[in-house]
Structures are given as C-alpha cells and as structure tokens.
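# Structural description and commentary
Listed below, chain by chain, are the residues.
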Amino acid sequence: MTSRVVISIRGAVQGVGFRPFIYRLASEMKLTGFIKNNSIGVIIEAEGEKRILDYFINQIREKKPSLAKITGFEFSFHEKNGYTSFQILKSEESGEISAFILPDIAICDDCLREMNNPSDRRYKYPFINCTNCGPRFSIVEAIPYDRKNTTMKNFNMCPDCQKEYNNPNDRRYHAQPVACPECGPHVELWNNNGSIIDTHHNAILKLVEFVRAGEISAVKGIGGFHLMCDAYNDEAIIKMRERKQRVDKPFALMFPSLESVKQVCNVNQLEEALLLSPDSPIVLLKRKDKSIKAPSQFIAPGNPYLGVMLPYSPLHHLIMKELNIPVIATSANISEEPMCIDEYEALDRLKNIADYFLVHNRPIKRHIDDSVVRGVKGKVMMLRRARGYAPLPIEYDTNENNKIILAMGGQLKNSIAMKVGKNVFLSQHIGDLETYEATRAYTRVIDDFKMLYKAEPELAVKDSHPDYFSTKFVDNLNIESKSIQHHIAHIASCKAENQVKGSCLGVSWDGTGYGFDKTIWGGEFFRVDENVCEHIASFRQFPLPGGETAVREPRRSALGLLYEMYGSSAFNYPVIHNNFEQKEISVLEKMLANKTNCPLTSSVGRLFDAVASILDINQIINFEGQAAMNLEFAASSNEKGVYNYYIYHNDFITIDWQPIIEEILLDSNSGMNNSIISAKFHNTLTEIIHEIAKSVNEDKIVLSGGCFQNVYLLEEVINKLETNDFNVYWHQRVPTNDGGIAFGQIIASEWNIKSKISNYK
Ligand code: ZN
Ligand code: ZN
Ligand code: FE
C-alpha cells in the first residue's frame, strides 16, 4: 500500500550534506516528496510503499552523513498527496520558530566515547554533554536559551570549558550546560536522613552495591527522580510495592544494553530504533515466552509486555555499566503524583520509600517524566508524551486565526496545549489532577508555557465536565472560555494529527467523559465533516451504582449492567452475591431502586469492567484500566467467534449489548475458557464498529480514546476495517488516552458541534 511519511528530524543536520543525502536516498528508492530545512532541523515528506518507507527511515538513521547529528526523530504515516518527484525545497523563513525550546536529549555517541576514555578530562563524568546532547527543557529558566537563563547559571566555567564554549569549531560551541569535573555539578550519595555517604564516582559505586544488596534508591536524573531496585530481587520489589503503595501496577525497567533487552523481550526493527533514539522513551515490548534472564514476576504480574528503556543520561550509563543487570526505574512519587525534582523535596516525600538517594547539584527546573511508546502495525503509538518530545509542537494546518489559545486538558493523565500562531505546543505529561502535588505542577506548567512562548492566552478551551480541576482552573484566568465535549476532543486530536481531510466516522471509546445530556459517555460515534461534528451513535446506557467508586470496582459495573437487564433479580447472579457482602447488597439495592448516586453510562470502558467482573478476572482494581487490561491479556488470538448484539437505527443509533452479556453468562456458566470468551467479546466490539461504519457510509474511520490502548482491540479493528476497504486512522504522536485531550480541545475549538437534544432522554 502506498503511503506518505512525514519525518521531522532535529539536530545539526544543516550544512552537512544532509539534504543531498536524503535526495539521493529517496531517488534511489524511487520515492517522491520533498525535504526542506526549518529552524530546528529538517522536514521530510516521502511517498511510496510502506515497506520501502520503513527501509528509508532505517537508512536515514544508519547511513546519515558523518557530520550530521540527530537529536530528535519523529515520524508519522499519512495518506499520499500525489507528489510526482522528489525535491529539495527552499527553507522556511520564520523568525518565531527559532524560539522553540528543545526537549532533553540522550547522551550522544561522541560524549559517550569521551566519558569511557580514561585519558579524557571528562572520564566518568556524569554531566558530560555537548551541542548535540544533554538537558534542555529540564534546565531552562527563561528565554532566550542562554547559560544565564538555565539552572547551570551558578556554575562558572573553567578556562578549558570556556574555551570549548567560545570556539565555533568545537562540539561544545555555545552548549549551554557544558561542564567538567573541575567546574560543573557533581553527585553525592545520601542516606534517608540526608547525610552524605560518599561523593563523585564513589557515590555511584556505593549506590550500585546497595542496589545489588536489595536496597531501594532514589536517583536524580534528567526530569526528576527515579526509584531504582534490582529487577531480579523479588523481595526488594515487594518492599518497593509496599512502600510506594502500588499493589500490582507494572513498573518500567532500565536495561544495561540492547543485547540484554533482547534476551528478555522480542524487539523488532521499529522498537529497536525507538529504544536507541535520542528521545529514548520507555518502549512497551512483548516478553519472550521463555527466557532464563526473565526479571522478577512481581514487576508486571500477568502482563505479557514490559516497559523497557535504555540508559539515556550519562549518569544512567555510569550506573548501568557498573550494575550490568536490569533495574526497576519508576517515577519517584506516591501513586499518580508528578515526579520529585528537588533533592530536599525528595528526601521529604520519599524518605519512607527509598533507603538511599543519589543526588546532584544541577537543579531541575521542571518535572518531565519518561515518555512511553509502543509499535502498532509498523507505526509508533505514543502513550505518554514527555521527555524527548515535550514541549515541541505537533505540526498541524491551522486556520490563520492568530488568537492564542490555551487548552486545559482533562482530569486524568492531564497535559495542556497552547496554540501560538500556527503552532500547537503540547506540554509534558502532568498526571492525574487529583492530588495537591499534581495541581501545583499543573499551575506551574501553565505559567511555564506563558513564559517560554511569551504568550498570554486569549481563549481557554476546557472539558465540559464542570468538576474537573482543569475546568474550574479557567476561572482563575479571567479570559473567554469554551467547553469541548470530551469524546469530541478525542476524535479531533486523532483526525488532526493524521491530517484526515473531508468527512469521517469518529469512534471515541474510553472510560469516562461528560456527555451533552450530563450522563457519563464512553462508547460514542461521531460524523465529522471538515469542521462540523455530529453525535450519531452510542451504546445503551446502564446505571453505575456509586458513580466514581464503580471505576475502581468492576463488580459494580457488572451489577449495573445486570440490573439494567433483569432489575432486582440481578442480585441472584453469583457474580453479584459472591462478590458483595450482604450489608453492601442492601445499600446497593436501595441505591439502584431509588436511582440515587447511580449515574447512567454508555462507557465501553465500563463494559470491559463488567465483563472482567463476570469472568471473575477482577472485582476491585488497583490502577486505572487494570480490569480491561487483564481481559485483553486473557484473549486468545485464535478464536474468531462473535456474540450477537442489536443495533437500533433511528434518528440516533443505539447499540444494545444485552445479547452479548446474555451469551457471556451462558458461556461462562458452561465452563468455557475465559480466553475464548474474551476473544469473542473483543471480536464482537470489532464487528460493531464495522457494522456502524458500513451503515453510515463513511470510508474513513478515526479511532480514539483510552480503549484503543488495548492493542488486541485496536489491531482487530484495523484489520477488519482495512480488509473491507476502509481507511483507518489511529494515534501516532498524540496519546489516545486523555493525554491527547488538550491537543483535541484546540482543534475542536474551531469546530461547529451539532447536537440534537431530542436524542437524549
Ligand atoms: Zn554529546
Ligand atoms: Zn570545566
Ligand atoms: Fe477519555
């Protein structure tokens, strides 16, 4: 299939023969399109067969001119434009773009070589960097990006560093964080009282000893602290889970090398490139079925994937080289709070979690979590956009409307976005706005964006949920505001990032979003024609006894569903009377009968929860989406069966899940394996999307919302629709979860939303 790839490459790629190199490469492969410089690097668009484009991307990385230094590499696939030749286009001239703040960049090969060279003056120096690598966004205090405006301002360069900094022919010419052991920051190892145990390289060696001995340490990195412990040590991991109050949510791992990753996980070419990229995100990788090197089962219980990253800062390289085993490297926080960035704050907040603290005196200006990505059908799918990507914009063809717009995002997995001129800047992942720490971080990020982009927002776009922190925050801004329905924001983000032109069907499935009718939506379909958006279909609603509480208790979704089907006889079903205490049952019976605190929902996320409860996979969960994830992992990919369902076509389309649930109850009672039932459930949802797509006569289908983090569902839907000649679009660079809401709010703020209130009871 022919496709178009848009590649945005940052770094020292101008004046080094890069454009002629790309031109030759593209011409050899008979690709059409163009390359042009912009002020942060180059933009390439190339058209051809997908597999040739994959090879093209690979060859750019492998064969690039030796002087070219790539510090950022993002790409996404789109429909072809019909280019007839490959051209080198004139550079874009744009003054404002040079004000881009760049993300933090993993250590480059040159610096790594120096750091490992005993005769180099920066041998084993954990703060080595150059123009092509090192911290950026995490150290900027003001613009322009100059040493005096970074957290390096209090370190006076020694004569040797100064010479490099001043020499236009040096790799460190104007590298703002340049430093050496003489003049730069250093590391110290503290105990949890803040007393110094050791300093400099000895601090690293001691840390390594402690990790080996099963201790938990907090390590100050680029955008905040990680908690680290030995990934093979069950006891250490159980201790970390207890102290961090994290029952069974998966932990991310840092491996010493690509080879060590390959002993444990399957790594394809795309995943390998992501692991090694200067953005250096966490990549979700499928575990090998059997590996003698497999880390502890307590890292990601029951999960066929592992979140894996390679060392990216020089400090991580030094630690991992000494350790030579994988470690857990998880954000140092309690539950979903932002990462700690300051050593005294870390001591205070983490003294009951970590035994040791590896700290340093280069201040971190702002928290930036590790980004999380995965590969889906040969494309990148961003799950958490932060270090390595934030705060760069997503290129998007906006109207020439020069209003500065601030998008507030949602409630969970929040991020914000700001449109300045033609650019939509996306903030780093902030987190769930449900703790004091997170709301403080939220306020800081908004102030940051105003400062970094010298912009005062004129319009605020917010979620229509009246109680979200981000919605209420708008009151502090004293500017015009506009509400965008949650699921419309999801669709807008996916449609815009995929550059979908003309009309499409948007499928927006997630856990929770505030609907036009004030009920909880989450299984929604929209028809979008350019900027006109209409809600056309949804799932039959059911009550959620306890509202918010039901999100943490899949058994309540099961109860709500069965109650909607059978009324009070729902309580006779074993899944209900076995999983609630008698006391609870009497309360729930009253709640449901009186319709108190039982909001109605059309959420597919809750449908997943209900099925997971009926199959006794999870009754109460410990982290968002856990039941749905376990239901996904249970599914057997060989099962092709589907369940019955009804679709009622009126002015508005309603999907009735009742036959699905009836059959699931029968299958489950007859002792059918959960792997078969789960697969049939996934296949049925796929079938539903296909049927709605056919009935509304749209051939472009845009998929968004948290449910599409489920790769089994996502790939089934893509396969089914593509085999039937639909064009399917899913997220690449913007998260499909609520991390993408802010971007979508900006886009949808220009949409005309049609809602027929008569559709809602
Ligand atoms: Zn470097
Ligand atoms: Zn120096
Ligand atoms: Fe959502």
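Residues numbered from 1 in each chain as written. Chains lettered and ligands numbered in written order. Predicted model: local features only at pLDDT ≥ 70, side-chain atom pairs only at ≥ 80, totals over all residues. Heavy atoms only, no water.

## Some thoughts on the overall build of the chain
Condition: Helix and strand assignments follow DSSP, with helices taken as H or I runs no shorter than four residues and strands as E runs no shorter than two, numbered in order from the N terminus. Only protein chains enter the accessibility calculation, which uses a 1.4 Å probe; a residue whose area is less than 20% of its type maximum is buried, one above 50% is exposed, and one in between is partly exposed. Should any heavy atoms of two residues lie within 4.5 Å, those residues are considered in contact. Calculation of accessible area relied on Shrake-Rupley with a 1.4 Å probe; when residues are assessed, cover is drawn exclusively from the protein chains displayed.
When you go through the chain residue by residue, the secondary structure sums to 23 helices and 32 strands. When its C-alpha atoms are laid out on the principal axes, the chain stretches across 80 × 60 × 55 Å. Counting over 761 residues, the chain shows a buried share of 62%. The contacts in the chain between residues at least 6 apart in sequence include a share of 71% that link residues at least 24 apart. If you sum the accessible surface of the chain, you get close to 29200 Å²; carbon and sulfur atoms cover 47% of it.

## With respect to the coordination of the zinc ion (ligand 1)
Our working definition: Shown as donors are all N, O and S atoms within 2.8 Å of a metal ion, widened to 3.2 Å for Na, K and Ca; because water is not in the atom set, sites may appear incomplete. A four-donor site is classed as tetrahedral when every donor-metal-donor angle falls between 85 and 135 degrees; four donors are called square planar, and six octahedral, when trans pairs exceed 155 degrees and all remaining angles lie between 65 and 115, with any other arrangement labelled irregular.
Ligation of the zinc ion (ligand 1) by protein atoms is provided by Cys108 (SG), Cys111 (SG), Cys130 (SG) and Cys133 (SG), these donors lying 2.3 Å from the ion. If you look at the zinc ion (ligand 1), its 4 donor atoms make angles of 103 to 119 degrees with each other, and the shape they trace is tetrahedral.

## Details of the coordination of the zinc ion (ligand 2)
Protein-derived ligands of the zinc ion (ligand 2) are Cys158 (SG), Cys161 (SG), Cys180 (SG) and Cys183 (SG), with the metal-ligand distances lying across 2.2 to 2.3 Å. In this structure, the zinc ion (ligand 2) is surrounded by 4 donor atoms whose angles at the metal cover 106 to 116 degrees, and the resulting shape is tetrahedral. With relative accessibility at 1%, the residue cysteine 180 sits in the buried group.

## A few points about the pairing of strand β29 (residues 653–656)
Within a regular beta strand, the side chains point alternately toward one face of the sheet and then the other, so they alternate between its two faces. Our working definition: A pair of strands counts as paired when DSSP detects no fewer than two bridges linking them.
One ladder, built from 3 bridges, connects strand β25 (residues 532–539) with β29; its direction is parallel. By the bridge assignment, phenylalanine 539 is partnered in β29 with isoleucine 655. Strand direction decides the pairing type here: strand β28 (residues 646–649) and β29, joined by 4 bridges, are antiparallel. Bridging from a neighbouring strand, tyrosine 648 pairs with threonine 654 of β29.

## Here's the deal with the pattern of salt bridges
We count it as follows: The term salt bridge refers to a pairing of a side-chain nitrogen on Lys or Arg with a carboxyl oxygen on Asp or Glu at a separation within 4 Å.
Enumeration over the complete set of coordinates arrives at 37 salt bridges. A salt bridge links arginine 4 to glutamate 45; the shortest N-O distance between them is 2.9 Å. Of this pair, arginine 4 sits in strand β1 (residues 2–12) while glutamate 45 sits in strand β3 (residues 41–49), and the two are 41 residues apart along the sequence. Residue class for glutamate 45 comes out buried when judged on its relative accessible area of 11%.

## Description of the sheet that holds strand β19 (residues 417–420)
Within the open sheet, the 6 strands sit side by side as β17-β20-β19-β18-β21-β22. Their pairing is mixed. If you trace the sheet from one side to the other, it starts and ends with β17 (393–394) and β22 (480–484), each paired once. Pairing between β17 and strand β20 (residues 423–426): 2 bridges, direction antiparallel. Of the residues in β20, the one forming a bridge with proline 393 is phenylalanine 425.

## Some remarks on the domain arrangement of the chain
Put simply, the rule reads: Domain limits in this description derive from either an automatic procedure or a database domain assignment. Here the quantity called buried area is the accessible surface, traced with a 1.4 Å probe, that two parts lose on coming together, added over both. By the criterion applied in these results, polar contacts are pairs of N or O atoms within 3.5 Å in which, for protein atoms, one can donate a hydrogen and the other can accept it, and in which residues neighboring in sequence qualify only through two side-chain atoms. Note on residue categories: nonpolar means Ala, Val, Leu, Ile, Met, Phe, Trp, Tyr, Cys or Pro, charged means Asp, Glu, Lys or Arg, and polar means any other residue, Gly included.
Under the domain assignment, the chain is made up of domain 1 (2–88), domain 2 (101–184), domain 3 (187–360), domain 4 (391–484) and domain 5 (503–759). Taken over C-alpha atoms, the centre of domain 4 sits 28 Å from the centre of domain 5. Taken residue by residue, the interface counts 29 residues in domain 4 and 19 residues in domain 5. Summed over both sides, the interface between domain 4 and domain 5 buries roughly 2100 Å², with carbon and sulfur atoms accounting for 59% of that surface. The largest contributions to the domain 4 side of the interface with domain 5 come from Ile394, Lys413 and Ile484, which together make up 25% of the buried area. In this assembly, domain 4 and domain 5 are joined by 2 salt bridges. With a shortest N-O distance of 3.3 Å, glutamate 750 and lysine 419 are connected by a salt bridge. One can count 7 residue pairs in polar contact (both at pLDDT 80 or more) joining domain 4 with domain 5. For the side of domain 4 that touches domain 5, the secondary-structure elements that each account for two or more residues are β17, β18 (405–407), β19, β20, β21 (459–463) and β22. Split by residue class, the side of domain 4 that touches domain 5 holds 16 nonpolar, 7 polar and 6 charged.

## As for the nonpolar core
Rules: Nine residue types can take part in a nonpolar core, namely buried Ala, Val, Leu, Ile, Met, Phe, Trp, Tyr and Cys, and a core is a set of them joined through side-chain atoms within 4.5 Å.
The biggest cluster of nonpolar side chains holds 70 residues, and the ones touching the most others in it are Trp509, Phe525, Phe539 and Ile692. It is helix α21 (residues 674–696) that contributes the most residues to this core, 8 residues altogether. Excluding residues within four positions of it along the chain, isoleucine 692 makes contact with Leu505, Phe525, Ala537, Ile647, Ile653 and Ile655.

## Section: the packing of aromatic side chains
Worth spelling out the cut-off: The rule is short: rings of Phe, Tyr and Trp, with Trp giving its six-membered ring, pair when the centres are within 6.5 Å, and they are stacked under 30 degrees, edge-to-face over 60, tilted in between. Whether a charge sits over a ring comes down to the Lys NZ or Arg CZ being within 6 Å of the ring centre and within 35 degrees of the ring normal.
Counting across every chain of the model gives 23 aromatic pairs. Between phenylalanine 449 and tyrosine 453 the ring centres are 5.4 Å apart and the planes differ by 75 degrees, which places this aromatic pair in the edge-to-face class. Consider the rings of phenylalanine 516 and tryptophan 521, whose centres lie 5.0 Å apart with planes at 70 degrees: the pair is edge-to-face. One aromatic cluster is present, built from ring pairs that chain together Trp509, Phe525, Phe539 and Phe708. The ring of tyrosine 312 has arginine 387 sitting right over it, with the charged end atom 3.4 Å from the ring centre.

## A closer look at empty space enclosed by the protein
Put simply, the rule reads: Note on definitions: the grid is 1 Å and covers protein atoms alone; a cavity is a set of points where a 1.4 Å probe fits but cannot get out; a pocket is an open set with protein on both sides within 12 Å along at least five of seven lines; lining residues have an atom within 4 Å of a point. Grid points are joined across faces, edges and corners, and a volume is the space filled by probe spheres set on the points.
Inspection of the entire model under this criterion finds 3 cavities of 30 Å³ or more. A volume near 120 Å³ is recorded for the largest cavity. Lining of the largest cavity is provided by 18 residues; of these, Pro126, Ile222, Ser313, Pro314 and Arg362 occupy positions nearest its centre. Domain assignment of the residues forming the lining of the largest cavity places at least three in each of domain 2 (101–184) and domain 3 (187–360).

## Considering the pairing of β20
Neither face of β20 is exposed, since Asn423 and Phe425 on one face and Val424 and Leu426 on the opposite face are all buried. Sheet analysis places β19 next to β20, joined by 4 bridges and oriented antiparallel. Opposite lysine 419, over in β20, you have valine 424 as the bridge partner. Counted between consecutive antiparallel strands, the loop separating β19 from β20 contains 2 residues, among which glycine 421 sits at a positive phi close to 60 degrees.

## Remarks on the packing of helix α18 (residues 604–614) against helix α19 (residues 626–634)
As a reminder of what qualifies: The axes are straight lines fitted to the C-alpha atoms, using for helices just the contacting stretch, and the angles between their N-to-C directions are given from 0 to 180°. Oblique is the label for any angle not under 35 degrees, not over 145, and not in the 65 to 115 range, which are roughly parallel, roughly antiparallel and roughly perpendicular in turn. Definitions for this section: a left-handed crossing has its near helix turned counterclockwise from the far helix by less than a right angle. A right-handed crossing has that turn clockwise.
Following both chains from N to C, one finds α18 and α19 inclined at 65 degrees, their axes separated by 8 Å at the closest point. Regarding the angle of α18 to α19, the classification is roughly perpendicular. In this structure, α18 crosses over α19, and the sense of that crossing is left-handed. Where α18 abuts α19, its residues Phe608, Asp609, Val611 and Ala612 lie against Ala627, Ala628 and Leu631. Here the residues of the contact of α18 with α19 sort into 6 nonpolar, no polar and 1 charged.

## Side note on helix α22 (residues 711–723)
Basically, it comes down to this: Expected helix span is taken as 1.5 Å per residue step, with the number of steps being one fewer than the number of residues.
Between its terminal C-alpha atoms α22 stretches 18 Å, which fits the 18 Å expected from 13 residues at 1.5 Å a residue. Here α22 has its buried residues at Val711, Tyr712, Leu713, Leu714, Val717, Ile718 and Leu721. For α22, the N-terminal capping position is held by asparagine 710, with its side-chain oxygen 3.1 Å away from the main-chain nitrogen of tyrosine 712. Following α22 by one or two positions, aspartate 725 has its phi on the positive side, about 70 degrees.

## Considering the packing of helix α20 (residues 658–669) against α21
At their nearest, the axes of α20 and α21 sit 11 Å apart, and the two run at 165 degrees to each other. Here α20 is positioned roughly antiparallel relative to α21, judged by the angle of their axes. Our pair here, α20 against α21, has a crossing hand that is right-handed. Packed against α20, whose contacting residues are Ile660, Ile664, Asp667 and Ser668, the element α21 presents Ile677, Lys680, Phe681, Thr684 and Ile688 at the interface. Residue composition of the contact of α20 with α21, grouped by class: 5 nonpolar, 2 polar and 2 charged.

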